[in-house]
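Structural overview for review
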Amino acid sequence: MTLKLQMLGTGSAFSRKYFNNNALIFDENFTLMVDCGVTAPTALHQLGRSWDSIDAVLITHTHADHVGGLEELAFQMKMRYQRKIPLYLAEPLAGPLWEHTLKGGLYQEKYIESLEDVFTVIPLPVGTPADLSPGITVELIHTRHIPGRDSYSLYLNGRVFYSADMTFDPQLLHQLVTERRCDTILHECQLEGEGQVHTTLSELLSLPEELQSNIHLMHYADNMEQFRNSTGPMKFLEQHRVYEL
Ligand SMILES: O=c1ccn([C@@H]2O[C@@H]3COP(=O)(O)O[C@H]3[C@H]2O)c(=O)[nH]1
Ligand SMILES: [Zn+2]
Ligand SMILES: [Zn+2]
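Residues numbered from 1 in each chain as written. Chains lettered and ligands numbered in written order. Predicted model: local features only at pLDDT ≥ 70, side-chain atom pairs only at ≥ 80, totals over all residues. Heavy atoms only, no water.

Going by an unreviewed UniProt entry, the chain carries the name Beta-lactamase domain protein and comes from Paenibacillus algicola. Taken directly from UniProt, the Function (unreviewed entry) text for the chain runs: "Counteracts the endogenous Pycsar antiviral defense system. Phosphodiesterase that enables metal-dependent hydrolysis of host cyclic nucleotide Pycsar defense signals such as cCMP and cUMP." (UniProt positions renumbered as here; feature names shortened; annotations may be inferred.)

Dropping the structure here:
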């Protein structure tokens, strides 16, 4: 099934031009937000969308460019819209997300004392696809990012790989394409320097050209334009454009 996707942002954590690498994925009557970083409220506003148009949110890991907008989302849903939307995440993220990220801002005695007071928390299995809506299936894949910090990439509709922040994993990419019918890879990309916690452009350029031709680059730095003609067959994903993948 085709996947309708619109990036709220395509920038790296410290980008000032492109907003955080967060996405909207649409089904006919359902909008899933994938990650909700610091810039998500402004990005949504610029698209003319309200929080009320979001039906569920999914979190890949707990860095601020992926979860920094959740406090506002939680407050807006609780106070303004009186809704509790599903929060999808790998089970190991739930504790740290509340204790280390959200509790400080959200906690109110007898009103908001846990993640469950603001979201319908739905742990997703790792390695098994789960149907989130009639047209959106998500399988979490545990990928390496920072030692001791869990991070989960997504395999959408059995065809589209959406990388969380991750270090280069050519084996996984090969396996998805050759054994699992993956035809589209949306991959985070660090344009320069050594890839200590991210995947670099030169690492992706070391992949076979055929595989590169399936790759769209995201989570990039502000000097992206300088690299327009240096990405081989790989293309830059653009924020706000609606893709049918
Ligand atoms: O060991 C570390 C930890 C972090 N960082 C930076 O902090 C950022 C946090 O968000 P991010 O995961 O999108 O990108 C990370 C990097 O830019 C790093 O360079 N090395
Ligand atoms: Zn990030
Ligand atoms: Zn990260």
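1. Let's talk about the site of ligand 1
Ligand 1 sits among Ala 13, Phe 14, His 63, Asp 65, His 145, Ile 146, Asp 165, Val 197, His 198 and His 219. Between ligand 1 and His 145 there is a distance of 2.9 Å, counted from an oxygen atom to a side-chain nitrogen or oxygen. With respect to ligand 1, the side chain of Asp 165 contributes an N or O atom lying 3.0 Å from an oxygen atom. Protein contacts shield 62% of the accessible area of ligand 1, which totals 420 Å² for the unbound molecule. Here the shell around ligand 1 is built from residues that sort into four nonpolar, four polar and two charged. (Near = heavy atom within 4 Å. Polar contact = N/O pair within 3.5 Å; in protein donor to acceptor, adjacent residues only side chain to side chain. Areas by Shrake-Rupley, 256 points an atom, 1.4 Å probe, with all protein chains shown as cover. Nonpolar A, V, L, I, M, F, W, Y, C, P; charged D, E, K, R; others polar.)

2. Describing the coordination of the zinc ion (ligand 3)
At the metal site, the zinc ion (ligand 3) is ligated by His 61 (NE2), His 63 (ND1), His 145 (NE2) and Asp 165 (OD), and these contacts range over 2.2 Å. Donor residues for the zinc ion (ligand 3), ordered by position in the chain, follow H-x1-H-x81-H-x19-D. A distance of 3.7 Å spans the gap from the zinc ion (ligand 3) to the zinc ion (ligand 2), which Asp 165 bridges by coordinating each metal. His 61 gets classed as buried once you look at its relative accessible area, which sits at 0%. (Donors = N, O, S within 2.8 Å, 3.2 Å for Na, K, Ca; no water. Buried < 20%, exposed > 50% of the residue type's maximum accessible area, 1.4 Å probe, protein only.)

3. Describing the sheet that holds strand 1 (residues 4-7)
Pairing is mixed across the open sheet formed by seven strands, whose spatial order is 6-5-4-3-2-1-14. Of all strands in the sheet, those with a lone pairing partner are strand 6 (120-124) and strand 14 (242-244), marking the two edges. Neighbour-to-neighbour, the strand axes of the sheet open up by a mean angle of 25°, direction not taken into account. Bridge analysis of strand 1 against strand 2 (residues 23-27) gives four bridges, and the strand direction is antiparallel. In the strand pairing of strand 2, Lys 4 is matched with Phe 26. Each of strand 5 (86-90) and strand 6 is contacted by helix 4 (residues 91-106), which is oriented at about 115° to strand 5, the strand it contacts most. (Pairing = 2+ DSSP bridges. Helix = DSSP H or I, 4+ residues; strand = E, 2+ residues; numbered from the N terminus. Axes fitted to C-alpha atoms, helices over the stretch in contact; angles between N-to-C directions. Contact = heavy atoms within 4.5 Å.)

4. Here we look at the coordination of the zinc ion (ligand 2)
Distances from the zinc ion (ligand 2) to its protein donors, namely Asp 65 (OD), His 66 (NE2), Asp 165 (OD) and His 219 (NE2), fall within the range 2.0 to 2.3 Å. Taken in chain order, the donor set of the zinc ion (ligand 2) reads D-H-x98-D-x53-H. Under the relative-accessibility criterion, His 66 is labelled buried at 2%.

5. Here we look at the nonpolar core
Membership of the largest hydrophobic core comes to 59 residues, with the highest contact counts inside it found for Leu 5, Leu 32, Val 57, Leu 70, Phe 119 and Tyr 162. A per-element tally of this core places helix 4 first, with six residues. Residues in contact with Val 57, not counting those within four places in the same chain, are Leu 32, Met 33, Cys 36, Leu 70, Leu 73, Ile 85, Pro 86, Leu 87, Tyr 88 and Phe 119. Within the second largest apolar cluster, 24 residues are counted, among which are Leu 207, Leu 211, Ile 215 and Met 234. (Core = buried A, V, L, I, M, F, W, Y, C linked by side-chain atoms within 4.5 Å.)

6. Some remarks on the environment of Asp 52
By the element assignment, Asp 52 lies in the loop between helix 1 (40-46) and strand 4 (56-58). Not counting residues up to four positions away in its chain, the partners in contact with Asp 52 are Met 77, Tyr 81 and Arg 83.

7. Here's the deal with the packing of aromatic side chains
The tally for this structure, following the rule as stated, stands at two aromatic pairs. Summarising the aromatic geometry, the rings of Tyr 18 and Tyr 220 are spaced 5.2 Å apart at their centres and angled 75° between planes, so their arrangement reads as edge-to-face. Remark: Tyr 220 occurs in the loop between strand 12 (215-218) and strand 13 (235-236) and Tyr 18 occurs in the loop between strand 1 and strand 2; sequence separation between them is 202 residues. In this pair, the class of Tyr 18 matches that of Tyr 220, namely buried. Between Tyr 220 and Phe 236 the ring centres are 5.1 Å apart and the planes differ by 75°, which places this aromatic pair in the edge-to-face class. With a gap of 16 residues between them, Tyr 220 in the loop between strand 12 and strand 13 and Phe 236 in strand 13 connect regions that are remote in the sequence. Taking relative accessible area as the criterion, Phe 236 reaches 6% and is therefore assigned buried. Each residue in the set Tyr 18, Tyr 220 and Phe 236 is aromatic and connected to the rest through ring pairs, giving one cluster. Against the face of Tyr 111 rests Lys 78, its NZ or CZ located 4.6 Å from the ring centre. (Phe/Tyr/Trp six-rings, centres within 6.5 Å; stacked < 30°, edge-to-face > 60°. Lys NZ or Arg CZ within 6 Å of the ring centre and 35° of its normal.)

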